[in-house]
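Survey of secondary and tertiary structure
Spelled out from the first residue to the last, the chains are:
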Amino acid sequence: MMFVIMVEEEQVKKEDSTKELSDSELDKLKAERKNRRKKRLMKEAAKADKRGVCYLSRVPPRMDPLKLRHILSQYGDIERIWLTPEDPAAPVHRKKAGGFRGQGFTEGWVEFTNKNVAKRVASTLNGEQIGGKKKSSFYYDLWNIKYLSKFKWDHLTEEIAYKNATREQKLALELSAAKKERDFYLAKVDQSRALSSIDERLKKKRKIQQANGTSEVQGDHQQAAKVIRQFPQTKSVRDGGEKQKPGLSKDLLAGVFGGSS
């Protein structure tokens, strides 16, 4: 019996040792993963430092990210493109006028894999004709492009996120104000309905008592007098009642000009 107990204790010790080894191995794996992530982030940061961003202050009509990438990729490798959509009301007015019915853009950013390429593209294309096929709608348009020094794509994403957050905050404030106004209006409507129902009940009760020859309702059921509020009004000017302009007295004129009163 004692031998069996000792064997079981040894097995338990072996299992505990294997568990400790497995935990240590898991810690090693976690550390390796962290190191890999750090190396990957360092590589991405190094690549991001080599990239350059160009700013488009104006996007020609009918230009979209695919067409812009197709045109600018001839000068260098492009990483990312972002074009700001125009106001939703603009295409509605344009459609009514019979113009372009597609999506328009107001401004844009283009990220090149090499900042030197971005500088060269901005310096050579700024103010030049877009060109391409003569059938294209932006053949005669001019480039409005500028290289942004020390500007990274993260700055743009932060700015977009900030704008979205401020817009959502404004919408939340407007919605809360609209809800307050709606609740106040509904409360006043309910109050007016309750008062009108009370008046109708009092009128019915008064008619019944008048038919029976009794006096008007007294006590708590007596009809409350309506409150008439008086608001100050500006007095109207009567016909011929205009105020006379204040004039100088004779004594003052005599003192000034030395005449006798």
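Residues numbered from 1 in each chain as written. Predicted model: local features only at pLDDT ≥ 70, side-chain atom pairs only at ≥ 80, totals over all residues. Heavy atoms only, no water.

Below, the discussion takes up the overall build of the protein. On a plain count of helices and strands, the protein comes out with six helices and four strands. Walking the protein from its N terminus toward its C terminus, one meets helices and strands in the order α-β-α-β-α-β-α-β-α-α. Across the 261 residues that make up the protein, the buried fraction comes to 18%. Nonlocal contacts in the protein, meaning residues at least 24 apart in sequence, comprise 66% of its contacts between residues at least 6 apart. For the protein, the exposed area adds up to about 22400 Å²; of that, 54% sits on carbon and sulfur atoms. (Helix = DSSP H or I, 4+ residues; strand = E, 2+ residues; numbered from the N terminus. Buried < 20%, exposed > 50% of the residue type's maximum accessible area, 1.4 Å probe, protein only. Contact = heavy atoms within 4.5 Å. Areas by Shrake-Rupley, 256 points an atom, 1.4 Å probe, with all protein chains shown as cover.)

Under the criterion given, the structure shown has two aromatic pairs. Seen from their ring centres, Tyr55 and Trp109 are 5.3 Å apart, and the 50° between their planes marks the pair as tilted. Pair noted here: Tyr55 is in strand 1 (residues 52-56) and Trp109 is in strand 3 (residues 105-112), with a separation of 54 residues, a long-range link. With centroids separated by 4.8 Å and ring planes inclined at 90°, the aromatic side chains of Tyr139 and Tyr140 adopt a geometry described as edge-to-face. When its relative accessible area of 15% is taken as the criterion, Tyr139 is described as buried. Looking at Tyr140, the relative accessible area reads 65%, which means it is exposed. (Phe/Tyr/Trp six-rings, centres within 6.5 Å; stacked < 30°, edge-to-face > 60°.)

Right, let's get into a nonpolar patch on the surface. Together, Leu252, Leu253, Val256 and Phe257 give the surface a local cluster of nonpolar side chains, amounting to about 430 Å² of exposed area. Assignment of secondary structure puts Leu253 in helix 6 (residues 250-257). Its relative accessible area of 36% is what places Leu253 among the partly exposed residues. (Patch = residues over 30% accessible without salt bridge, like charges linked within 9 Å, V, L, I, M, F, W, Y side chains within 5 Å. Salt bridge = Lys/Arg side-chain N within 4 Å of Asp/Glu carboxyl O.)

Mapped onto the elements, Asn144 comes out in the loop between helix 4 (115-125) and strand 4 (145-148). Since its relative accessible area comes to 30%, Asn144 is described here as partly exposed. Taking the C-alpha atoms as reference, Asn144 lies 5.4 Å from Asn126; in sequence the two are 18 residues apart. Not counting chain neighbours up to four residues away, the residues in contact with Asn144 comprise Tyr55, Leu56, Ser57, Arg58 and Asn126.

Grouped together as the largest cluster of nonpolar side chains are 23 residues, with contacts concentrated most on Leu68, Leu72, Val110, Phe112 and Trp143. Of all the secondary-structure elements, those providing two or more residues to this core are strand 1, helix 2 (65-72), strand 2 (78-85), strand 3, helix 4 and strand 4. Tallying contributions element by element places helix 4 first for this core, with five residues. Excluding its chain neighbours within four sequence positions, the residues that come into contact with Trp143 are Leu56, Leu68, Ile71, Leu72, Leu125, Asn126, Gly127, Glu128, Gln129 and Ile130. Among the nonpolar cores identified, the runner-up in size contains six residues, and Trp109, Phe151, Trp153 and Leu156 belong to it. (Core = buried A, V, L, I, M, F, W, Y, C linked by side-chain atoms within 4.5 Å.)

With 77% of its residues at a pLDDT of at least 70, the protein reaches an overall mean of 78. Scored below 50 in pLDDT, residues 215-221 shows eight contacts in the model against residues more than four places distant or in partner chains. (pLDDT = per-residue confidence, 0-100.)

Glancing now at unusual backbone geometry. A positive phi is found at Arg62, a non-glycine position, where the angle reads about 70°. With respect to the element layout, Arg62 can be found in the loop between strand 1 and helix 2. With phi around 60°, Lys150 is a residue other than glycine that occupies positive phi space. By secondary structure assignment, the location of Lys150 is in the loop between strand 4 and helix 5 (153-212).

So, on to the sheet that holds strand 3. Reading across the sheet, the four strands line up as 2-3-1-4 and stay open at both edges, with antiparallel pairing between neighbours. Strands with a single pairing partner mark the edges of an open sheet, and in this sheet they are strand 2 and strand 4. The sheet shows a mean angle of 20° between the axes of neighbouring strands, direction not considered. Taken strand by strand, helix 5 contacts strand 1, strand 2 and strand 3, and its axis lies near 25° from that of strand 2. (Pairing = 2+ DSSP bridges. Axes fitted to C-alpha atoms, helices over the stretch in contact; angles between N-to-C directions.)

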